[in-house]
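As a plain string of letters, each chain reads:
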Amino acid sequence: MPTPPVIDYRGGFDFNVTPGELWSSIEHAEQFERWWPWLREFSLEGGRLRSGAVMHGVVVPPLPYRIRVDVELVACRRPAAIDAVVHGDLEGNASLRIRRCGLNGCTVEAKWSVEMMQTPMRITSRFAHPLLRWGHDRVVEITVRSFRRHLESTIVP
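A brief report on the enclosed structure follows.

Rules used throughout
- In this convention, every chain numbers its residues from 1, walking through the sequence in written order.
- Only residues with pLDDT of at least 70 are given local features in this predicted model, and only at 80 or more are side-chain atom pairs given and counted; all residues enter the totals for whole chains, interfaces and linings.
- In computing side-chain values, all of the structure's heavy atoms are included and hydrogens and water are not.
- To sort residues, take the accessible area from a 1.4 Å probe on protein chains only and compare it with the maximum for the residue type: under 20% means buried, over 50% means exposed, and anything in between is partly exposed.
- The way it works is that DSSP assigns letters per residue, a run of H or I at least four long becomes a helix, a run of E at least two long becomes a strand, and they are numbered from the N terminus.
- The reported arc concerns the directions from the helix axis to the C-beta atoms and nothing else.
- In this description, strands pair whenever DSSP reports at least two bridges between them.
- In this description, a line fitted to the C-alpha atoms serves as the axis of each element, helices being fitted only across the stretch in contact, and the angle between N-to-C directions of two axes falls anywhere from 0 to 180 degrees.
- We call two residues in contact whenever any of their non-hydrogen atoms come within 4.5 Å of each other.
- The disulfide definition used here is simple: a pair of cysteine sulfur atoms within 2.5 Å.
- What makes a salt bridge here is a side-chain nitrogen of Lys or Arg within 4 Å of a carboxyl oxygen of Asp or Glu, nothing more.
- In plain words, nonpolar cores are sets of buried Ala, Val, Leu, Ile, Met, Phe, Trp, Tyr and Cys residues tied together by side-chain atoms within 4.5 Å.

Some points on helix α1 (residues 19-26)
Moving on, step 1. Within the sequence span of α1, burial applies to Pro19, Leu22, Trp23, Ser25 and Ile26. Down the axis of α1, the buried set is contained in an arc of 160°. They therefore lie on one face.

Dropping the structure here:
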């Protein structure tokens, strides 16, 4: 039986900043393309991270695909949580949970389940799901590594 064209993900990441500091940083959506080399054509409809805002962009993983997505922020609770619905070349749900960890740190739990809608991705998923998962996981690693570098360069302990 073929693997469904779905990426289920759950990961936790520790940062050496408070939840408020982390949230303040991600509110600079105009910097996302600079921080994350895999992101292109990014825009934020609604002006800021808030319930009802929609992020538009193109994800360029280390595979021969360009993935257009619209991420509707269903619920934003500063500085603790974001719930979103993903549309476009991926369809599904995503969430971030941010909680304090120690005196000056936080943990971010990222979770999503998205179905690949592009025909080439769906076909590739049937025969090479591990390759698509590898590309996904590289994008996640690059995102976390780049964001840590950004935080270290802008937030003084």
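Considering the sheet that holds strand β4 (residues 67-77)
Moving on, step 1. Spatially, β1-β7-β6-β5-β4-β3-β2 is the arrangement adopted by the seven strands of the open sheet, whose pairing is antiparallel. Each end of this open sheet is capped by a strand with a single partner; those strands are β1 (6-15) and β2 (39-45). The mean angle between the axes of side-by-side strands here comes to 15°, regardless of whether they run parallel or antiparallel.
Moving on, step 2. Across six bridges, strand β3 (residues 54-59) lies against β4 in antiparallel orientation. Paired with Val59 across the bridge in β4 is Ile67.
Moving on, step 3. Against the sheet, α1 contacts β1, β4, β5 (81-88), β6 (90-101) and β7 (105-116), and its axis sits at roughly 140° relative to β6.
Moving on, step 4. Across the sheet, helix α3 (residues 119-154) touches β1, β4, β6 and β7, and the angle it forms with β1 is around 15°.

What about the state of the cysteines?
Moving on, step 1. This model, assessed by the stated rule, comprises zero disulfides.
Moving on, step 2. Cys76 takes part in no disulfide bond, and the closest cysteine sulfur, belonging to Cys106, lies 16 Å away.
Moving on, step 3. Left without a disulfide partner, Cys106 is nearest to the cysteine sulfur of Cys101, which lies 8.1 Å away.

Structural notes on the pattern of salt bridges
Moving on, step 1. Scanning the entire structure with this criterion turns up nine salt bridges.
Moving on, step 2. Where Glu41 meets Arg66, a salt bridge forms, and the shortest distance between an N and an O atom there is 3.5 Å. Here the residue Glu41 occupies a position in strand β2, and Arg66 occupies one in the loop between β3 and β4, the gap between them amounting to 25 residues.
Moving on, step 3. Here Glu41 falls in the partly exposed class, since its relative accessible area comes to 45%.
Moving on, step 4. Overall, the relative accessible area of 44% leaves Arg66 in the partly exposed class.

Some points on the nonpolar core
Most often, soluble globular proteins keep nonpolar side chains buried together rather than apart.
Moving on, step 1. Core analysis: the largest hydrophobic core is formed by 44 residues, its most contacted members being Phe15, Leu22, Phe32, Met55, Leu73, Leu90 and Phe147.
Moving on, step 2. Looking at which element gives the most residues to this core, the answer is α3, with seven residues.
Moving on, step 3. Other than its neighbours up to four places away in sequence, Leu90 contacts Ile67, Arg68, Val69, Val114, Glu115, Met116, Met117 and Met121.

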